[in-house]
Amino acid sequence: MIPTDAPDTLRTDPDLIVHGGGPYNVETPPHLLDDPITPIGRFFVRNNGDWPAVDRATWRLAVDGLVERPLSLSLDDLERRFEAVTVTSVLECAGNGRSYLEPAVEGVLWGYGAVGCARFTGVRMRDVLEVAGLKEGAVYTAHHSPDRTETGKVALSRGLPIAKALAPETLIAFAMNGEPLPLAHGGPLRVVAPGFPGSAWQKWLARLEIRDREHDGAKMTGLDYRLPTAPVRPGETPDPALFAVIEDMPVKSLVSHPADGARLRAGEPCEIRGFAWSGRVPVERVHVSTDGGTTWAMAELEPGEGPHAWRRFRFAWTPDHAGPFTLVARAGDASGRVQPLDQTWNPRGYCNNGCQRVGVTVG
Ligand SMILES: Nc1nc2c(c(=O)[nH]1)N[C@H]1C(S)=C(S)[C@@H](COP(=O)(O)O)O[C@H]1N2
Ligand SMILES: [Mo]
């Protein structure tokens, strides 16, 4: 199912990990996520269905539902009529880290790399909705796209609470890292919803509908992209009524250097580094352990490229003896929440922000 209709589609680094057996899904090994801005060719791709056919020249965005003036906008209209803004933001799949849950849960078995950070350029969703004019009772958006599953069903149709749709950081984006948005990442138009799970970042956006209730499109209901509001134990039958839409991603960190399995030398400095991020509440600190979590030291945390980007952390380390070491990073946010040392289980394996372990051998 590799698209053949556009040359920009899959400039994917050959070292990315391809998840077989379904739609095209690839993730990035952590050591390839060592840049503050993830290059497009290294950015994970998550598809719930087939690639849609896309023609930039005739693409239109319909805005309808609970609005005073329904709109139909070409890409040109969007660029001419609205201010273009760039937001640097982390984009993370809610299922990132699912493969580390025990017992195992269903879904794409992502390791650590269904995450990246990029510069997204587009127009504010709020500016478009202002021209359309929200009617009273507008509480949620519904996003519609032409991608379909193998059996012809809508692959994904998610939405946003109206407050997030009107937030200044929420975009209808047409560019990524200064290039036209590639097909693989939703080109020509996608939603950018910083702090929300990747599922809320609708790709190939063709219709923005305004609704008077929480949207109930494909992958919005049941247990899809929802977390239990009270703990559910493995083996229990979950009650979907007790699940809520994920609207915030947890505080998290990723060690991008050294790589898992690296061989180091005693007495030689090795910087332990990576990135930390969170959803609504800003990330504030990172601690690093070189002994599997027994002792911790504060890492240096650099500013991010704006409030929605990840922040680089660095920790200067010189291993003083030979042997195996387990490196761990643990981020904390401004409200005092920290990453759990171990994974928190839930039926669909979402929002796993348990600490990553990196095993290295010092010789
Ligand atoms: N139309 C459409 N939009 C979509 C999806 C999809 O399958 N179809 N997948 C969503 C999910 S689950 C994620 S995590 C992000 C992934 O964005 P990326 O492929 O650009 O990394 O896109 C979201 N937008
Ligand atoms: Mo996702």
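Residues numbered from 1 in each chain as written. Chains lettered and ligands numbered in written order. Predicted model: local features only at pLDDT ≥ 70, side-chain atom pairs only at ≥ 80, totals over all residues. Heavy atoms only, no water.

Labelled according to an unreviewed UniProt entry, the protein appears under the name Sulfite oxidase, originating from Salinarimonas soli. What UniProt records for the protein under Cofactor (unreviewed entry) is the sentence "Mo-molybdopterin". (UniProt positions renumbered as here; feature names shortened; annotations may be inferred.)

Strand-to-strand pairing in sheets goes through backbone hydrogen bonds, with the strands running parallel or antiparallel. Strands sit in the order β5-β4-β12-β8 across an open sheet of 4 strands; the sheet is mixed. The outermost strands of the open sheet, each flanked by one partner alone, are β5 (71–74) and β8 (140–144). Shown here is a sheet whose adjacent strand axes are inclined to one another by a mean of 20°, direction ignored. Bridge analysis of strand β4 (residues 60–65) against strand β12 (residues 207–211) gives 4 bridges, and the strand direction is parallel. Bridge assignment links A62 to a residue of β12, and that residue is R207. Strand contacts of helix α2 (residues 125–132): β4, β5, β8 and β12, with the helix running at about 135° to β5, the strand carrying the most contacts. (Pairing = 2+ DSSP bridges. Helix = DSSP H or I, 4+ residues; strand = E, 2+ residues; numbered from the N terminus. Axes fitted to C-alpha atoms, helices over the stretch in contact; angles between N-to-C directions. Contact = heavy atoms within 4.5 Å.)

Moving on, we get to the side chain of D147. Position of D147 relative to the elements: it lies in the loop between β8 and α3 (162–165). For the buried D147, no salt bridge exists, and the shortest N-O distance to an oppositely charged side chain is 5.2 Å, to R148. When near neighbours in sequence (up to four residues on either side) are disregarded, D147 contacts D50, P52, K153, V154, A155 and W204. (Buried < 20%, exposed > 50% of the residue type's maximum accessible area, 1.4 Å probe, protein only. Lys, Arg positive; Asp, Glu negative; His and termini not counted. Salt bridge = Lys/Arg side-chain N within 4 Å of Asp/Glu carboxyl O.)

Ligand 1 sits among 21 residues. The nearest are F44, N48, D147, H185 and K203. In this structure, an oxygen atom belonging to ligand 1 sits 2.7 Å away from a main-chain N or O atom of N48. Between ligand 1 and the protein, one listed contact pairs a nitrogen atom with a side-chain N or O atom of D147 at 2.7 Å. Look at ligand 1: alone it shows 530 Å² of surface, and the protein chains cover 100% of it. Because more than half of its atoms lie within 2 Å of the grid, ligand 1 is assigned to the largest cavity. Residues belonging to the shell around ligand 1 are distributed by class as follows: 10 nonpolar, 7 polar and 4 charged. (Near = heavy atom within 4 Å. Polar contact = N/O pair within 3.5 Å; in protein donor to acceptor, adjacent residues only side chain to side chain. Areas by Shrake-Rupley, 256 points an atom, 1.4 Å probe, with all protein chains shown as cover. 1 Å grid on protein atoms, 1.4 Å probe; cavity = no way out; pocket = protein on both sides within 12 Å on 5 of 7 lines; lining within 4 Å. Sits in = over half its atoms within 2 Å of the grid points. Nonpolar A, V, L, I, M, F, W, Y, C, P; charged D, E, K, R; others polar.)

Taken domain by domain, the protein consists of domain 1 (17–245) and domain 2 (252–362). Here the C-alpha centroids of domain 1 and domain 2 sit 27 Å apart. The junction of domain 1 with domain 2 conceals about 3,000 Å² of combined surface from both sides, 60% of it contributed by carbon and sulfur atoms. For the pair domain 1 and domain 2, the interface holds 5 salt bridges. Residue D34 pairs with R273 through a salt bridge whose shortest N-O separation is 2.7 Å. (Domains from an automatic or database assignment. Buried area = accessible area lost by both parts, 1.4 Å probe.)

Residues annotated by UniProt as "domain: Oxidoreductase molybdopterin-binding" (unreviewed entry) correspond here to residues 49–217. Here residues 49–217 is 11% helix and 30% strand, with 15 Å between the C-alpha atoms at its ends.

Turning our attention to the packing of aromatic side chains. Inspection of the entire model under this criterion finds 10 aromatic pairs. A ring pair is formed by Y24 and W51, whose centres lie 5.6 Å apart and whose planes are at 45°; its orientation type is tilted. With Y24 in the loop between β1 (17–19) and β2 (25–27) and W51 in the loop between β3 (45–46) and β4, this pair connects stretches of sequence that are 27 residues apart. When its relative accessible area of 15% is taken as the criterion, Y24 is described as buried. (Phe/Tyr/Trp six-rings, centres within 6.5 Å; stacked < 30°, edge-to-face > 60°.)

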